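Per-entry structural report
Here is what each chain is made of, one letter per residue.
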Amino acid sequence: MVAVNGVDVERLHETIEVISDDPLPGQFRFYAETEWTDALQCTTAIDEFDQAGEQIRTREFHVEGDEPEQILGDRSAPNAVELLLAALGSCLSVGYAANAAVMDIEIHELRFEMEGDLDLRGFLGISEDVRPGYESVTCRTHIDADASESELEELRERVEATSPLVDNLSNEVPLETELVVGQSA
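Criteria and cut-off values
- Residues numbered from 1 in each chain as written.
- Predicted model: local features only at pLDDT ≥ 70, side-chain atom pairs only at ≥ 80, totals over all residues.
- Heavy atoms only, no water.
- Helix = DSSP H or I, 4+ residues; strand = E, 2+ residues; numbered from the N terminus.
- Buried < 20%, exposed > 50% of the residue type's maximum accessible area, 1.4 Å probe, protein only.
- Contact = heavy atoms within 4.5 Å.
- Salt bridge = Lys/Arg side-chain N within 4 Å of Asp/Glu carboxyl O.
- Core = buried A, V, L, I, M, F, W, Y, C linked by side-chain atoms within 4.5 Å.
- Patch = residues over 30% accessible without salt bridge, like charges linked within 9 Å, V, L, I, M, F, W, Y side chains within 5 Å.
- Areas by Shrake-Rupley, 256 points an atom, 1.4 Å probe, with all protein chains shown as cover.
- Lys, Arg positive; Asp, Glu negative; His and termini not counted.
- Charge placed at Lys NZ, Arg CZ, Asp CG, Glu CD.
- Expected span 1.5 Å × (residues − 1).
- Arc of directions from axis to C-beta.
- Axes fitted to C-alpha atoms, helices over the stretch in contact; angles between N-to-C directions.
- Parallel < 35°, antiparallel > 145°, perpendicular 65-115°, else oblique.
- Left-handed = near helix turned anticlockwise from the far one by under 90°.

So, on to the overall build of the protein. In terms of regular secondary structure, the protein is built from 5 helices and 7 strands. The N-to-C order of helical and strand elements in the protein reads β-β-α-β-β-β-α-β-α-β-α-α. Across the 185 residues in the protein, those meeting the buried criterion constitute 23%. In the protein, the proportion of contacts linking residues at least 24 apart, taken out of those at least 6 apart, comes to 50%.

The structure is reproduced here in structure tokens:
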């Protein structure tokens with residue numbers, strides 16, 4: 001096994017080849033179920049499905065959520081917009097590790113600093129002129145690697161062009177909502 005940054009490069013190339021020949025193994029449906037627990041707290045269970053939509057594992061991971069004290073939370077867990085920043089950092093970390101491995105760039109250190117500006121007047125319905133979500137998000141990538149600055153810029157461009165979270169944050173994603181009243185089965 002040839003590993004760069006802990007990534008099995010040969011297996012990664014095999015995966016790319018398999019999905020290039022048949023897109024089905026590369027298609028996933030992700031599922032999360034969030035349940036309110038108390039006050040402004042909740043727990044999200046994340047399940048895994050295969051390409052045909054069949055459930056593989058039930059409640060594989062759990063993520064807790066809460067709000068800061070300023071908006072009546074207990075601050076026992078990160079809130080949703082903080083988890084969005086964490087998801088972005090996680091996605092970029094995977095993208096950098098995998099793409100650097102393919103480019104034969106060994107990473108010594110990789111860290112992301114994300115910050116987002118949010119005005120509670122939108123969330124609290126105080127002002128229709130203020131969006132309820134982030135006004136902007138900034139991400140700084142700190143990397144120490146065996147590569148030139150131009151190679152690292154190429155790496156950055158590859159990662160950002162293929163990152164699902166960069167895409168989701170940069171482009172409108174269709175969202176369908178449905179209200180189910182009463183007890184769920």
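Looking now at the pattern of salt bridges. Per the counting criterion, the structure on display carries 7 salt bridges. The closest approach of N and O atoms between E113 and R111, which form a salt bridge, is 2.8 Å. Since its relative accessible area comes to 38%, R111 is described here as partly exposed. Between R156 and E160 there is a salt bridge whose closest N-O contact spans 3.3 Å. Residue R156 and its partner E160 are located together in helix 4 (residues 149-162), separated by 4 residues, close to a single helical turn. Judged by relative accessible area, which is 35%, R156 ranks as partly exposed. For E160, a relative accessible area of 34% corresponds to the partly exposed category. One salt-bridge network, held together by shared partners, links R111, E113, E115 and R140.

Take the nonpolar core next. By size, the foremost hydrophobic cluster in this structure holds 15 residues, and its most contacted members are L92, I105 and L155. When contributions to this core are tallied by element, the ones reaching two or more residues are helix 2 (80-102), strand 6 (107-117), helix 4 and helix 5 (164-170). The element contributing the most residues to this core is helix 2, with 5 residues. Residue contacts for L92: discarding those within four places in its chain leaves F112, C139, V159, S163 and V166. Judged by nonpolar contacts, the second largest core, of 5 residues, contains V4, V9, A97 and A101.

What follows concerns the environment of T177. With respect to the helices and strands, the residue T177 is situated in the segment after helix 5. It is 33 Å that separates the C-alpha atoms of T177 and R140, two residues lying 37 residues apart in sequence.

What follows deals with a negative patch on the surface. Residues E10, E14, E17, D21 and D22 make up a contiguous surface patch of negative charge. With respect to the secondary-structure elements, D22 resides in the loop between helix 1 (9-21) and strand 3 (31-38). For D22, a relative accessible area of 38% translates into the label partly exposed.

Together, L118, L120, F123, L124 and I126 line one region of the surface with nonpolar side chains, adding up to about 470 Å² of accessible area. Its location among the elements puts L124 in the loop between helix 3 (120-123) and strand 7 (136-145).

With that settled, the discussion passes to helix 4. With 14 residues, helix 4 extends 20 Å between its outermost C-alpha atoms, agreeing within 8% with the 20 Å of an ideal straight helix rising 1.5 Å per residue. Of all the positions in helix 4, only L152, L155 and V159 are classed as buried. Buried positions in helix 4, seen along its axis, are confined to an arc of 55 degrees and lie on one side of it. Those residues of helix 4 that are exposed and aimed more than 90 degrees away from the buried face are S150 and A161. On its buried face, helix 4 is in contact with helix 2 and strand 7.

With that out of the way, let us pick up the packing of helix 2 against helix 4. Two numbers describe how helix 2 lies on helix 4: the axes approach to 9 Å, and their chain directions differ by 130 degrees. Relative to helix 4, helix 2 is oriented oblique. For the crossing formed where helix 2 meets helix 4, the hand is right-handed. Residues L92, G95, Y96, N99, A100 and V102 of helix 2 form the contact with helix 4, whose participating residues are L155, R156, R158, V159 and T162.

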